[in-house]
Amino acid sequence: EPEVTQTPSHQVTQMGQEVILRCVPISNHLYFYWYRQILGQKVEFLVSFYNNEISEKSEIFDDQFSVERPDGSNFTLKIRSTKLEDSAMYFCASREGAEAFFGQGTRLTVV
Amino acid sequence: KQEVTQIPAALSVPEGENLVLNCSFTDSAIYNLQWFRQDPGKGLTSLLLIQSSQREQTSGRLNASLDKSSGRSTLYIAASQPGDSATYLCAVIGAGGTSYGKLTFGQGTILTVHP
C-alpha cells in the first residue's frame, strides 16, 4: 500500500542551526502539506503546496520556514534558524482525492 | 476561522463497552471530515473519511456520522478492545478558496480500554 515517508524519524539540533525535514509523498498525489504538533497540543497546519507553489500558509509559517519540491518525489521543510519553541513533531501529508495521508512524522528536538 | 472541539478529552472504559466520541466544528462549509488514530509518539492513521454529502461511514467496528448543518460528528466504537487504546483525532477539511484541502484538527480524545 502506498505511504508517505518521512526522514529522519528523530532529529536533535542546536538552537540557531538550520534543519531540513524530508518527505516523500505518495507518487500520484498533487497536494502536499506540513503540519506540526507540539507535545500535548493540537496538530497545527503550517503550509499547503500545489502546482509547485505555496497555496496557503499559517501565521506560524514565518520567514524562518520554507518548503521546496526539489525533484519529482521529495517535499522538504526547511527551518533556517531553529528556536527552542520549534521543538515538535512535524508531519507531512499528501492528497489526491478526498483523503489525506500522513507520514509517521519527524520529531525535532531543539536544544 | 474554523474551530474543532472534541469531547470528552479523555475516556477510560472496560473492555467490551460500546463508546461514542464527539466532535464539533464551527464552520459548516467543509469538504470532508476525517477521523484519525494516534498512538503515543507516533503518526496519524486515517480511520474514516466522511464526505460532506454523506451522513455516515463504517469500517469494521467503527462507525462515523456527520451532521454538517449542526456542525457535529460522532465516532462510534463497538465492542472496544485494549488495542483500541490511543488518541482519536477529528479533523475537518476546508471547502473552498485557500482553505481547500487544509485540515483543522481537534485536540483529541485519549481513549483507554482496560481488560
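Each chain has its residues counted from 1, running along the sequence as written. A letter from A marks each chain and a number from 1 marks each ligand, given out in the order of writing. At least 70 in pLDDT is required for a residue's local features to be given in this predicted model, at least 80 for side-chain atom pairs to be given and counted, and no such filter applies to totals for whole chains, interfaces and linings, which use all residues. To get the side-chain values, all heavy atoms of the structure are used, and hydrogens and water are removed first.

A. Representation of unusual backbone geometry within the structure. Along the chain, A:Thr7 connects to A:Pro8 via a cis peptide bond; the corresponding omega equals -10°. We count a stretch as a helix when DSSP gives it H or I for four or more residues in a row; a strand needs E for two or more, and each element gets its number in order from the N terminus. Mapped onto the secondary structure, A:Pro8 falls in the loop between β1 (5-7) and β2 (10-13). In this structure, the amide linkage connecting B:Ile7 to the following residue, B:Pro8, adopts the cis form with an omega of -5°. Relative to the helices and strands, B:Pro8 is located in the loop between β1 (4-7) and β2 (10-14). Of note in this structure, A:Asn52 is not a glycine but carries a positive phi near 65°. Mapped onto the elements of the fold, A:Asn52 is located in the loop between β5 (43-50) and β6 (53-57).

B. Fine view of the pattern of salt bridges. Each salt bridge in this description consists of a side-chain nitrogen of Lys or Arg and a carboxyl oxygen of Asp or Glu lying within 4 Å of one another. Within this structure, the stated rule accounts for four salt bridges over all chains. A salt bridge links A:Glu56 to B:Lys102; the nearest nitrogen and oxygen atoms lie 3.3 Å apart. You can see A:Glu56 sitting in strand β6 and its partner B:Lys102 sitting in the loop between β9 (86-94) and β10 (103-105), one on each of two chains.

C. Representation of the packing of aromatic side chains within the structure. Each aromatic pair joins two rings of Phe, Tyr and Trp (for Trp, the six-membered one) with centres within 6.5 Å, and gets the label stacked for planes under 30 degrees apart, edge-to-face for over 60, and tilted for any other angle. In this structure the tally under the stated criterion is 13 aromatic pairs over all chains. Counting every residue linked through ring pairs, the aromatic cluster contains A:Tyr33, A:Tyr35, A:Phe45, A:Phe91, A:Phe102, B:Phe36 and B:Phe105. Look at NZ for Lys and CZ for Arg. If either is within 6 Å of the ring centre and within 35 degrees of the ring normal, a charge sits over the ring. When the ring centre of A:Tyr31 is taken as reference, the NZ or CZ atom of A:Arg95 above it lies at 4.4 Å.

D. The sheet that holds strand β7 (residues 65-68) of chain A, seen in detail. Residue and element names in this part refer to chain A. If you walk across this open sheet you meet the four strands as β1-β3-β8-β7, and the pairing is antiparallel. Here the strands that pair on one side only, and so sit at the sheet edges, are β1 and β7. When the angles between neighbouring strand axes are averaged without regard to direction, this sheet yields 20°. Strand pairing follows a simple DSSP-based rule, namely that at least 2 bridges must link the two strands. Note on definitions: angles span 0 to 180 degrees between N-to-C directions of axes, and those axes are lines fitted to C-alpha atoms, for helices only across the stretch in contact.

E. Structural view of the pairing of strand β4 (residues 31-37) of chain A. All names here are of chain A. Each residue is assigned to one of three classes by its accessible area relative to the maximum for its type, calculated with a 1.4 Å probe on protein chains only: buried under 20%, partly exposed between the two thresholds, exposed over 50%. For β4, the tally of buried residues reaches seven of seven residues, placing the bulk of the element in the interior. What sits between the antiparallel neighbours β4 and β5 is a turn of five residues, in which Gly40 has the positive phi angle 85°. Where β4 lies against strand β9 (residues 88-95), seven bridges are found, and the strand directions are antiparallel. Along β9, the bridge assignment pairs Gln37 with Met89.

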